[in-house]
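# Summary of the model geometry
Each chain, written out:
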Amino acid sequence: MRALQAEGVETIFGYPGGSIMPVYDALFDYTRGEKKCFDHILVRHEQAATHAAEGYARVSGKVGVALVTSGPGVTNTLTGIADAMLDSTPVVVIAGQVATTALGTDAFQEVDLVGVSQPISKWSYQIRRAEDVAWAVSRAFYIARSGRPGPVVLDFARNAQVEQFDWEPKKVDFIRSFVPYPKFDPDSVRQAAELINHAQRPLALVGQGVELGNAQEELKMFLEKADIPAGRTMLGLSALPSDHPLNVGMLGMHGNYAVNLKEQECDVLIAIGMRFSDRVTGNLKTYAKQAKVIHLDIDRSEIDKNVKAHIAVVADCKESLPALTALIQPATHRVWRDSFRELDEKERQKVIEPAIHPQSGPLLMGEVVNAVATQAPKGTVLVTDVGQNQLFATRYFKYTQKRSICTSGGLGTMGYGMPAAIGATFATDRTVCCFMGDGGFQMCIEELGTIMEQQAPVKMILLNNNYLGNVRQWQDMFWMRRKSFTKMLNPCYELIARGYGIPYQCVTDRTNLASAVEKMLTSQGPFILECAIKEDDDVLPMTPPGMNVNDMMLEI
């Protein structure tokens, strides 16, 4: 408890069990009375503890903490650990373990946690002696939050939890051979500035690295000085406000039409804190071959991994962006920026208007997202589950403030949304809106118990189309409409909401949508808004998997 206190921990998401019981017994005194310094949030499933810790970390900028027991308790966290690793989310998972004398004996609820978690974490360590606790905890938090953030796992042997020793606080702020903040090469910055100064059609690709580096203002200064249009990855959407004049939309398979096609026309491509995911690049053999690529990233392993960089600036963007801004010349690229407008208008007419302002028929996901985005208070945090709900929500929501999006990007974890939203409510006083499909909602439905107990003010928007919608869309497009096990028989969500004592409303007619959204947003505490969605509502635009970025489709 003292070690966690020293790291500034305030909130812990967890689930007790036999092998972590000594820690939970100590935690008892630190959550009440004069010693109180932690809030412990009892989740209903260990996977939810990690996702809640992720949501907390993504919105607060602090390290999220999950506390669980051994065996199935900790194996339940592995999905969340892998999710945090792929999305660079700083999380520390502390798990109970059998005593060192029982290791390797197949003791009750023993599992080789270090072995199974090493490939999906930044560091995994087994604490075998009580005197190592302070050092191990400090090192864990240092690794989790430093450089490119990520998850760290501490496997806490039971004997180390109960041994006594003379406590000495430790502070780890240096690890030999671990260089979390590489010093950039001034020559690379000069070369990058020279390329940008001579560019006629520059395009910036903004990723979550800008958010993780708290470099949102530095980004705006860079873009505005050189008049560079910027697309954002899904995880980087709130790094630049939606209404910023240089924002040209979302990158990727279901992103905006103009920015994706213009990747194939730009002469200088500036990637800032992003990793060139396959969902962004499409077919790598044809991706942006005409462009000189400048890649700014804190993680050297991302350089040249997917897309060959002509110039690499390996550093924290909080440091590299100002250095680059100082060397670039003020510029105007009005003709280049204006060239986006025709494509934007084409997407608006063919896709956006029909999606958010349909004239008839069943409710559509796009119009529900738009209705919420229109009424949501400024600074609202968007949390999504995974699937069509995620793609519609990220496309049509509005971002006005940094750290305003929580979604599972790299792993694409269904069931992420609700627990991540719970975590987000403990990280901020801002409104938290969580969009979920009926499939993802049922993967984490037990967390309604956490919401009920904590009265966590999560505004849950359930987009119910009675299908695993994203898979159904692919089956329709690429599998001859053979809907193999994607149709869902759903429960009565009103009865479920009533059982948990959570206010609920169902919308089946668009004439009631605006008033239902207003009721949800103005209510105190949690709320479930179920919307009956058209079963075959499709996400567009779309770049078919494996195809070229400029093959993006506006219609099916």
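Since the model is a prediction, treat every value here as computed from it, not as a measurement.

Now for the sheet that holds strand E7 (residues 202–206). Reading across from one edge, E9-E8-E7-E10-E11-E12 is the order of the six strands in this open sheet, with parallel pairing throughout. Of all the strands in the sheet, just strand E9 (247–250) and strand E12 (311–314) have a single pairing partner and so form its edges. Each strand of the sheet is rotated relative to its neighbour by a mean of 15 degrees, with strand direction disregarded. Across five bridges, strand E10 (residues 268–272) lies against strand E11 (residues 292–297) in parallel orientation. Across the sheet, residue Ile272 finds its bridge partner in E11, namely Leu296. Against the sheet, helix H9 (residues 186–197) contacts E10, E11 and E12, and its axis sits at roughly 130 degrees relative to E12.

This part takes up the side chain of Asn464. By secondary structure assignment, the location of Asn464 is in strand E16 (residues 458–464). Accessibility expressed as a relative area gives 7% for Asn464, which makes it buried. A distance of 2.9 Å separates polar atoms of two side chains, one belonging to Asn464 and the other to Glu530. When residues no more than four places from it in sequence are discounted, the contact partners of Asn464 are Asp438, Asn490, Tyr493, Glu530, Cys531, Ala532 and Ile533.

Paired through backbone hydrogen bonds, the strands of a sheet run either parallel or antiparallel to each other. A sheet is described by the order of its strands in space; here six strands give the open sequence E14-E13-E15-E16-E18-E17, paired in parallel fashion. Here the strands that pair on one side only, and so sit at the sheet edges, are strand E14 (405–406) and strand E17 (504–507). Here E16 pairs with strand E18 (residues 527–532) via six bridges, running parallel. Bridge pairing in E18 places Leu463 opposite Cys531. Packed on one face of the sheet, helix H22 (residues 493–500) meets E16, E17 and E18 and runs near 165 degrees to E17.

Residues in a regular strand project their side chains so that they alternate between the two faces of the sheet. Of all the six residues making up strand E15 (residues 432–437), six are buried; the element is thus mostly covered by neighbouring parts of the structure. Two strands pair when backbone bridges link them, and strand E13 (residues 381–384) and E15 are joined in this way by four bridges, in the parallel orientation. In the strand pairing of E15, Val383 is matched with Cys434. As paired strands, E15 and E16 are joined by six bridges and run parallel to one another. Counterpart to Val432 in the pairing with E16 is Val458.

Enumeration according to the criterion identifies 15 aromatic pairs in this entry. Counting every residue linked through ring pairs, the aromatic cluster contains Phe13, Tyr56 and Phe426. Its end group placed over the ring of Trp123, Arg139 keeps NZ or CZ at 4.8 Å from the ring centre. Its end group placed over the ring of Phe340, Lys262 keeps NZ or CZ at 5.7 Å from the ring centre.

Next up on the list: the pairing of strand E1 (residues 11–14). Of the two faces of E1, the one lined by Thr11 and Phe13 and the one lined by Ile12 and Gly14 are each fully buried. When E1 meets strand E2 (residues 39–42), the two strands line up parallel, connected through four bridges. Note that in E2 the partner of Ile12 across the bridge is His40. Handedness of the β-α-β unit built from E1, helix H2 (residues 21–29) and E2 comes out right-handed. Two elements, E1 and strand E3 (residues 64–68), share two bridges in a ladder whose sense is parallel. Paired with Phe13 across the strands is Ala66, a residue of E3.

Cut-offs and rules
Residues numbered from 1 in each chain as written. Predicted model: local features only at pLDDT ≥ 70, side-chain atom pairs only at ≥ 80, totals over all residues. Heavy atoms only, no water. Pairing = 2+ DSSP bridges. Helix = DSSP H or I, 4+ residues; strand = E, 2+ residues; numbered from the N terminus. Axes fitted to C-alpha atoms, helices over the stretch in contact; angles between N-to-C directions. Contact = heavy atoms within 4.5 Å. Buried < 20%, exposed > 50% of the residue type's maximum accessible area, 1.4 Å probe, protein only. Polar contact = N/O pair within 3.5 Å; in protein donor to acceptor, adjacent residues only side chain to side chain. Phe/Tyr/Trp six-rings, centres within 6.5 Å; stacked < 30°, edge-to-face > 60°. Lys NZ or Arg CZ within 6 Å of the ring centre and 35° of its normal. Right-handed = clockwise from strand over helix to strand, strands pointing away.

Read these as layout, nothing more, since geometry by itself doesn't imply function.
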